[in-house]
Amino acid sequence: MRTHYNSELDEKDINKEVVLCGWANSYRDHGGVIFIDLRDKSGLIQLVCDPADSKSAHEVATHVRDEFVLKAIGKVRLRGEGLENPKLKTGKIEIVVDELIIENKSEPLPFVINDDSVNEEIKLKYRYLDLRKPNSYETFKLRSKVSMSIRNTLDKLGFLEVETPILTKSTPEGARDYLVPSRIHNGEFFALPQSPQLFKQLLMISGFDRYFQIAKCFRDEDLRADRQPEFTQVDIELSFCDQEDVIKVGEEVLKSAFSACGFEISTPFNRISYRDAMEKYGSDKPDLRYDLAMVEVMDLFVDSTNEIFASIAKNSHQNRIKALKVPDGDNFFSRKMIKELESFVTKFGAKGLGYFQMKEDGLKGPLLKFMSKSAVNELIQRCELKVGDMVFFGAGDKKVVLDYMGRLRIEIAKRMNLIDENRFEFVWVVDFPMFEIDQGTIKALHHPFTMPKELDKGSVEEIESIAYDIVLNGVELGGGSMRIHKLEIQKEIFKLLGISEKEANEKFEFLLDALKFGAPPHGGIAFGLDRLVMLLTKNSSIRDVIAFPKTQRAQCLLTKAPSAVDNEQLKELNIRIREPKKL
């Protein structure tokens, strides 16, 4: 059908006869000579249909409209002097068409290709048209390169690619499962996997030693810009290893993926403990492309004459008073902007936003009257304040303060344009708590198969896990842990989580049985492939890097899924649809 893709041609091909195929990107009639920009996956090239060269080609060209599918046979020539198009790779040449064939016509499109102002729902409904824009192809070309690079790297490192089941048992890991009713086993259900977690552990018990999979995973949870009900993760597990071994493999995989896309990154990556990440940046996924670290100043308010601050400062376990130094902030933020920042943090639980300004004649601010001179001097020294700097304060419940001050840090960085969008800043977050307490209930922070560092701590809140997350530019790219490979430890963790022996056997009997038969020490990690490609392509949503994504309401507007099924299908499954209760 074709001899070349458009962008394969250049000046060296002058006078060569070529056959090109693609879509009519645009059509122009200039005084009887018709110009068509032909588009294929590689880019655009200009076709010239001149009746002086070919009456038949010109006649066909008069019927061409946008997005018609064309085949063009002709010769390559240089464009006229001053007529080059520097925006195109093929901008110095054009094709003089001898024969033009309309392979298929197109109805008028619901939107113009490459028009970014089009409503996203319309784009998703006609996703196959939206994917025709040139940068879409480049995105998925890069995604393919990333996947191939990861496979090749893991193959060199001795990993075996194994596919694990999609229809499996419901073993909730934090999010809701997607359930699939069984026709053969009445009243019973499969679940779509939230991850291949248990199967990859079983592969380690099988002696496979090093496993990987680019796996589809499913979670029935509320969606955000960086989440979808089905997503792809690079799943890795290895035996007879420790945390350092897993981290080394993870860094090699990421380095090769970035290299395949033309980005050289250096390893090893920086590390920060979970506790330090939360205390300094208010987040377990800190963006380290800029500084703005919080400083603990609770001790400076213990003797404050302000009763509210003094009472907060006297409960160091439950509360925090954080100072966020902003270099040159006093010269940047107006009173109006400070009020806007105060309104911003109150949305996240703050009761106000205190601040100091470092002037030529010393520190100024409404909180000064409540502090001793020695406390003020210590504040200046601890925050390393210089003239023109500003300090914002958050005080109150630890969890609330860390959250809104962490968000404030990001908001300030955006407003002051402190974020280098061309920089990749990786960091490992390590030493996570094993458990979290939610409304009095103990829950696993990661999942209940994570190996604890030690269990004989004073309280469950003090128990740390051998877990690690990899964060890039404030986005969690993936995470992993060493796994529990001893049956007695796994039983103890279930006990702490309030999972009875009966419930554990019902949900995890196959794993508990397997642990009886010589499970090796093992651990692993999983990277979100969609998020990785999103960051590499500088897209703001993973929907842009998934060929056929769902909306934020977990719908496919293209196929209209999910959809109702007929009564016969429901009867086969012994399912009856009940009308939802009216509120």
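Higher on the page you've got the structure.
In this text the structure is predicted, and so the values were computed from the model without any measurement.

**Q** Any chance you could explain empty space enclosed by the protein here in plain terms?
**A** All chains considered together, the criterion is met by two cavities of 30 Å³ or more. A volume near 40 Å³ is recorded for the second largest cavity. As for the second largest cavity, its lining consists of Leu-124, Arg-127, Phe-548, Pro-549, Cys-556, Leu-557 and Leu-558. Residues of the lining of the second largest cavity, tallied by class, amount to six nonpolar, no polar and one charged.

**Q** Would you take a moment to explain the sheet that holds strand β1 (residues 17-30) for this structure?
**A** By way of backbone hydrogen bonds, the strands of a sheet pair with one another, either parallel or antiparallel. The strand order around the closed barrel formed by five strands is β1-β2-β3-β5-β4, and the pairing between neighbours is mixed. Across this sheet, the average inter-strand angle for adjacent strands is 55°, counted without regard to direction. Relative to strand β3 (residues 43-49), strand β2 (residues 33-40) runs antiparallel, the two being bridged by seven bridges. Each residue of the ladder has a partner; that of Asp-40, found in β3, is Gly-43.

**Q** So what exactly am I meant to see when it comes to unusual backbone geometry here?
**A** Note on backbone geometry: most residues besides glycine have negative phi, and most peptide bonds are trans. In the segment running from Thr-267 into Pro-268, the intervening peptide bond is cis, with an omega of 0°. In this fold, Pro-268 is placed in the loop between α6 (243-260) and β11 (270-273). Here Ala-561 and Pro-562 are connected by a cis peptide whose omega angle stands at 0°. Along the polypeptide, Pro-562 turns up in the loop between α15 (529-536) and α16 (567-572). Located in the positive-phi region is Lys-560, a residue other than glycine, with phi close to 60°. One can find Lys-560 in the loop between α15 and α16.

**Q** So what exactly am I meant to see when it comes to the pattern of salt bridges here?
**A** For side chains of opposite charge, pairing can occur when their charged atoms come near one another. Scanning the model with the defined rule gives 43 salt bridges in all. A salt bridge links Arg-227 to Glu-221; the shortest N-O distance between them is 3.6 Å. Taking the relative accessible area as the measure of exposure, Arg-227 reaches 26% and is therefore partly exposed. For Arg-289, the salt bridge goes to Glu-421, with nearest N and O atoms at 3.7 Å. Separated by 132 residues along the polypeptide, Arg-289 in the loop between α7 (274-281) and β12 (294-296) and Glu-421 in the loop between α12 (398-415) and β17 (426-430) bring together distant segments of the chain. With relative accessibility at 11%, the residue Arg-289 sits in the buried group. The exposed category is assigned to Glu-421, whose relative accessible area is 52%.

Scoring rules and cut-offs
Residues numbered from 1 in each chain as written. Predicted model: local features only at pLDDT ≥ 70, side-chain atom pairs only at ≥ 80, totals over all residues. Heavy atoms only, no water. 1 Å grid on protein atoms, 1.4 Å probe; cavity = no way out; pocket = protein on both sides within 12 Å on 5 of 7 lines; lining within 4 Å. Points joined across faces, edges and corners; volume = space filled by probe spheres on them. Nonpolar A, V, L, I, M, F, W, Y, C, P; charged D, E, K, R; others polar. Pairing = 2+ DSSP bridges. Helix = DSSP H or I, 4+ residues; strand = E, 2+ residues; numbered from the N terminus. Axes fitted to C-alpha atoms, helices over the stretch in contact; angles between N-to-C directions. Salt bridge = Lys/Arg side-chain N within 4 Å of Asp/Glu carboxyl O. Buried < 20%, exposed > 50% of the residue type's maximum accessible area, 1.4 Å probe, protein only.

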